[in-house]
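# Overview (structure and organization)
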Amino acid sequence: MNTEKTTDTSEHLNFLEEIVEADLASGKYKSILTRFPPEPNGYLHIGHASSICLNFDLGLKFGGATNLRFDDTNPVTEDTEYVDSIIADVRWLGFDPAQILYTSDYFPQLYEWAKVLIGKGKAYVDFSSAEEIAAMKGTPTEPGKESPYRNTPPEENLALFEKMKSGEFPDGHCVLRAKIDMASPNMIMRDPLLYRIKHAHHHRTGDTWSIYPMYDWAHGQSDSIEHITHSICTLEFAPHRELYDWCIEQLGIFPSRQYEFARRNLSYAVTSKRKLKLLVEEGHVSGWDDPRMPTISGYRRRGYTPESIREFCRRIGIGKRENVADMSVLEFCIREDLNKRALRRFAVLRPLKVVITNYPEGQEEWLPTENNPEDPDAGVRNLPFSRELYIEQDDFMENPPPKYFRLSPGGMVRLKSAFIIQCDEVIKDDSGNIAELHCRYIPESRSGQDTSGLKVKGVIHWLSAAHSKTAEVRLYDRLFQLEDPTEEKDVVKALNPHSLETIPEARIEPALADIEPGRHFQFTRLGYFCVDPDSKSEKPVFNRTVTLKDTWAKEMKHG
RNA sequence: UGGGCCAUGGUGUAAUGGUAACACAGCAGAUUUUGGUUCUGUUAUUCAGGGUUCGAGUCCUUGUGGCCCAACCA
C-alpha cells in the first residue's frame, strides 16, 4: 500500500451540492429533505427532468429524501390527468418520492395562518379592482400607493375574510393582501395578494373552497410544513425569496430556505408548458407524448431511456447563468446507452430488389450474425439468404462519387454476415428508374469462411425478399427548425415541416416481427429504433429514436 | 438614483489567490464485415478598463452586456 490520496477529485460538486455539504458539515441539519413541486397543469418536459434529477440526486447523494408535491393552488388550470402523468414520469425516470403530497392538503392550515396574519394586522381584505390594484402597485422606479382598504381593523378583516371563504362574494369581488411595504424596491413586497376568490371545482378538494391561496402564500409554508431543508427553484423566483422568508418569519414556523438555479434550455426545443400545450391543442403534434415533443413522455415514446436522460442532466450540470444545452449532448447520451444494450437487427427502409443470378432458385440458407458486437453475451441469430434480396436504395449508385464504397455497376460489396456480390446489370423501368439489380455472388466469400481473397471496402445490410416482413417506420427529426424557437413569437412558425416522415412499407427481418412496444433495437447502419405503442402484430410500427453518427452523409452534405 | 441574478472555447460545466480543465460539437488519422463502436492527435476560452498582490478567471473598483420583477399564474 502506498499513501496515495483516495479523495475523488474527478467528482466536483455543483453550487447547490456545496451548500448542502456545508449545511451538513456545520451541523445546521442532520439530514436534508428536498422537493419537486410541479403544478399539475401540463406534462413534464426535459427542463423538469433536470430539476427532478437535481432534487432527487441531492437527496440520494447526501442521505436525505425528496418529496413530490403538487402545487395545486389554481383549480381552473389543473387536472388529475396531469397528476397521473407527472407521477408516472418521475417514476419512469427512476426516482422514488419519499411522499407524494398536495398543496391542497394544506388549504385548512393555510387558511388558519392567514387569520393569524390578519390578527397581527399584517393582512387586509382589499375591494379594489384588479386594475386599481395594478395601478397602485407603482412601477420599478416609482413607489406604489397604499390601498384605501389598507387600514381596516383586524376584527373587520377577519369577518370579511370569513365571508370570502364562505362564498358570499362573487369571483374577483375582493382579495386578501399582505400589509408589507408599498414603497419596497422589490415589487413582490408591495402588499402581495395572498388569496383570491374562485368559485371553481378543484381536482382534489372539489367545491369545498371558494378562495384559493396564491403561490407566495402557499409555497413556503408547504415547504415548512414538510420540513423541507433546501427548497430549490428557478431563477425567476429569486425576488420572491424575500416574501418567502417574510411569511415564515411572521408565522414563526420551520425555516425552509429557498435557493435558485437557472432553468436548463435545450437547442431546437421549447421548455414552456404553455407553448407545448398549444402544439397539442392545435394538433401540430399527436399529443403530449408525440415522439417529437421535448416532454418526458415524448422522449419515452421516441425511445430514449431513463438512463440516457439522467446522464444528459448530469452532463449539462447546473448553474445560475442562462444556458442552452446542445441537442448533440442528448443524442450522444442515448447513442452511448443504446450502443451497449440494443440488439442489432436488419431493416431496409427504401428497398431495392437484387437478384443473385447465380444463386439457385428456391434455395435458401441461414447465416449466423451477431446480435450485438458490443456484447458477446447477446449471442447470435440466423438470417435467411436466398436468390432475391432487398438492399437499401442509398447503398447503390449508378454514378458514384469518389470514395463511395457501396455498390455500383461492376462494383463489389460485402453483404454483412453473408457473401460478396458484384453488380452485373442495372434493370430500369419504362420511366428510367432503377427497378432492380442483377448481381452475382461469390460462393467462396461466405462470412467467416472467406477463401476468395477478395478485399472489399463496403459492407451493407440486406434482407431476403421472401422472408422479410412489412413494418411502418416513423422517421423523426427535430420538431423545430430554429435552434432557438423562441426567436419566433409564434412557436408554430418555428416548427420543422419535415419533422416526421412515415415509411408505410419498410422491410424488416423475421426476428423483428411481433415485438412488444417499448423494445429498443439498432437497425444496422441506420440508427436506433423502438416499437411504438401503435404497433400491432400484423403491422409493427417502429419509431426512429436517433440515427447512427454518419460521417459519410456529413461528407456528402458539405460536398 | 428601483431591486434581484448573471458574464470562462461553438455549447455546457470545472478550476474555492498558485500550470485555465473536462465533456459534447468540429477537424485530422488509426482500427473496423455497421462510413457505427473503439483508439490517437488536434483547433478553440476567462466581457472591458483600472486597482490590490510575488502571483487574479477568482479579491476590490468603474463600466459594458444579458436575464428576471409592475398576473386575482406558478
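Before going into details, it helps to say that this report is about the structure given with it.

How each quantity is defined
Residues numbered from 1 in each chain as written. Chains lettered and ligands numbered in written order. Predicted model: local features only at pLDDT ≥ 70, side-chain atom pairs only at ≥ 80, totals over all residues. Heavy atoms only, no water. Helix = DSSP H or I, 4+ residues; strand = E, 2+ residues; numbered from the N terminus. Buried < 20%, exposed > 50% of the residue type's maximum accessible area, 1.4 Å probe, protein only. Contact = heavy atoms within 4.5 Å. Areas by Shrake-Rupley, 256 points an atom, 1.4 Å probe, with all protein chains shown as cover. Lys, Arg positive; Asp, Glu negative; His and termini not counted. Charge placed at Lys NZ, Arg CZ, Asp CG, Glu CD. Phe/Tyr/Trp six-rings, centres within 6.5 Å; stacked < 30°, edge-to-face > 60°. Pairing = 2+ DSSP bridges.

### Observations concerning the overall build of chain A
- Of the regular secondary structure elements, chain A holds 13 helices and 25 strands.
- With respect to the three principal axes, the spread of C-alpha positions in chain A is 100 × 70 × 40 Å.
- Relative to its full complement of 559 residues, chain A shows a buried share of 52%.
- Within chain A, contacts between residues at least 6 apart in sequence are counted, and of these 70% link residues at least 24 apart.
- In the structure as shown, chain A presents an accessible area of about 26100 Å², 49% of it carried by carbon and sulfur atoms.
- Positive and negative side-chain charges in chain A, numbering 70 and 87 respectively, have mean positions lying 3 Å apart.

### Description of the packing of aromatic side chains
- Applying the stated rule across the entire model yields 24 aromatic pairs.
- Arranged with centres 6.1 Å apart and planes meeting at 70°, the rings of Phe 346 and Trp 462 form a pair that is edge-to-face. One end of the pair, Phe 346, is in the loop between strand S10 (343-345) and strand S11 (347-348); the other, Trp 462, is in strand S20 (residues 462-464), and 116 residues separate them in sequence. Comparing Phe 346 with Trp 462 shows no difference in burial state: the two are buried.
- Seen in terms of ring centroids, Phe 385 and Tyr 441 are 6.3 Å apart; in terms of plane orientation they differ by 45°. Their pairing is tilted. Residue Phe 385 is found in strand S14 (residues 380-386), and its partner Tyr 441 is found in strand S18 (residues 434-441); the two are separated by 56 residues along the sequence. Comparing Phe 385 with Tyr 441 shows no difference in burial state: the two are buried.

### Structural notes on the sheet that holds strand S16 (residues 412-415)
- Strand order in the open sheet formed by seven strands is S19-S16-S17-S18-S12-S15-S20, and the pairing between neighbours is mixed. Across the chains shown, the open sheet's two edge strands, defined by having one partner strand only, are strand S19 (459-460) and S20.
- Where strand S15 (residues 388-392) and S20 come together, three bridges link them in antiparallel fashion. The partner of Leu 389 across the bridge, within S20, is Ser 464.

### Some remarks on the pairing of S18
- Across four bridges, strand S12 (residues 351-356) lies against S18 in parallel orientation. Bridging across to S18, Val 355 finds its partner in His 438.
- Bridge count between strand S17 (residues 420-428) and S18: seven bridges; the pairing is antiparallel. Across the sheet, residue Ile 421 finds its bridge partner in S18, namely Tyr 441.

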